[in-house]
Amino acid sequence: MSVHMELAQHAGKQNKMYQQFLKLDNMRETYIEEAVAQCKEGKPFTTDKINEVTNAMNKINLRFTPVRKIVTSEMVREYAETLK
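Note that the coordinates shown come from a computational prediction; the quantities given were computed from them, not determined experimentally.

Novice: Please clarify how the nonpolar core should be interpreted in this entry.
Specialist: Across soluble globular proteins, nonpolar side chains show a tendency to be buried alongside one another. Counting nine residues, the largest nonpolar core is built from Ile32, Ala35, Val36, Cys39, Phe45, Ile50, Val71, Val76 and Ala80. Of all the secondary-structure elements, those providing two or more residues to this core are α1 (3-40) and α3 (73-82). Residue contributions to this core peak at four residues, all from α1. Leave out the neighbours within four places in its chain, and Val71 touches Arg28, Thr47, Ile50, Asn51 and Val76. Counting six residues, the second-largest nonpolar core is a separate cluster that includes Phe21, Leu24, Ile60 and Leu62.

Written out as C-alpha cells, the structure is:
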C-alpha cells in the first residue's frame with residue numbers, strides 16, 4: 001500500500017473518531033443542561049449519564065481533543081446557583 005493511501009486511511013479514521021467525539025460532546029452538554037434544569041426546579045437529579053458520556057469521550061485517544069472532567073452533583077448545584 002502506498003504511503004499516500006495509508007495517510008488517507010489514517011486521516012479518515014481520525015476524522016471518524018473526531019466526529020464521534022463531537023456527537024458525544026453534544027450529548028454531554030444536553031445531559032448537563034437537563035441536570036441543571038432539574039436542580040433549579042428543586043427536583044432530584046443525577047450525573048450518571050453525564051459521566052458515562054464523559055468516560056466514553058475520554059477514551060477517544062486523539063491528541064487534539066481535550067480531556068473532559070467528571071461532573072459531580074456539587075458542580076451542578078454550584079452552576080445552577082449562578083443562574084438564579
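And the narrative resumes.
Novice: I tried to follow the packing of α1 against helix α2 (residues 48-59) on my own but got confused; where do I start?
Specialist: Helix-helix packing is described using two parameters, namely the angle between the two axes and the distance between the axes. Put simply, α1 and α2 touch, their axes get as near as 9 Å, and they point 160 degrees apart. Our classification of the angle between α1 and α2 gives roughly antiparallel. Once α1 is placed against α2, the crossing between them reads as left-handed. Residues Phe21, Leu24, Asp25, Met27, Arg28, Tyr31, Ile32, Glu34 and Ala35 of α1 lie in contact with α2, whose contacting residues are Lys49, Ile50, Val53, Thr54, Ala56 and Met57. By residue class, the composition of the contact of α1 with α2 is ten nonpolar, one polar and four charged.

Novice: Explain α1 to me, please; I cannot follow it from the model alone.
Specialist: Along an α-helix, residues three or four apart share an orientation, since each turn contains 3.6 residues. An ideal rise of 1.5 Å per residue puts 56 Å on 38 residues; α1 measures up with 55 Å between its terminal C-alpha atoms. All of the buried residues along α1 are Phe21, Leu24, Asp25, Arg28, Ile32, Ala35, Val36 and Cys39. In this fold, the buried residues of α1 make contact with α2 and α3.

Novice: Please explain the side chain of Arg28 as it appears in this structure.
Specialist: Note that Arg28 resides in helix α1. Of the buried charged residues, Arg28 lacks a salt bridge, with Glu29 as the closest side chain of opposite charge at 4.1 Å. Apart from the residues within four sequence positions on either side, Arg28 is in contact with Ile50, Val53, Thr54, Met57, Arg68, Lys69 and Val71.

Novice: How should I be thinking about the packing of α1 against α3 in this particular structure?
Specialist: Interhelical geometry of α1 versus α3 gives an angle of 70 degrees and a closest axis separation of 9 Å. It follows that α1 is roughly perpendicular to α3 by the angle criterion. Read as a crossing pair, α1 and α3 show a hand that is right-handed. Where α1 abuts α3, its residues Ala35, Val36, Cys39 and Lys40 lie against Val76, Arg77, Tyr79 and Ala80.

What counts, and where the lines are drawn
- Residues numbered from 1 in each chain as written.
- Predicted model: local features only at pLDDT ≥ 70, side-chain atom pairs only at ≥ 80, totals over all residues.
- Heavy atoms only, no water.
- Core = buried A, V, L, I, M, F, W, Y, C linked by side-chain atoms within 4.5 Å.
- Buried < 20%, exposed > 50% of the residue type's maximum accessible area, 1.4 Å probe, protein only.
- Helix = DSSP H or I, 4+ residues; strand = E, 2+ residues; numbered from the N terminus.
- Contact = heavy atoms within 4.5 Å.
- Axes fitted to C-alpha atoms, helices over the stretch in contact; angles between N-to-C directions.
- Parallel < 35°, antiparallel > 145°, perpendicular 65-115°, else oblique.
- Left-handed = near helix turned anticlockwise from the far one by under 90°.
- Nonpolar A, V, L, I, M, F, W, Y, C, P; charged D, E, K, R; others polar.
- Expected span 1.5 Å × (residues − 1).
- Lys, Arg positive; Asp, Glu negative; His and termini not counted.
- Salt bridge = Lys/Arg side-chain N within 4 Å of Asp/Glu carboxyl O.

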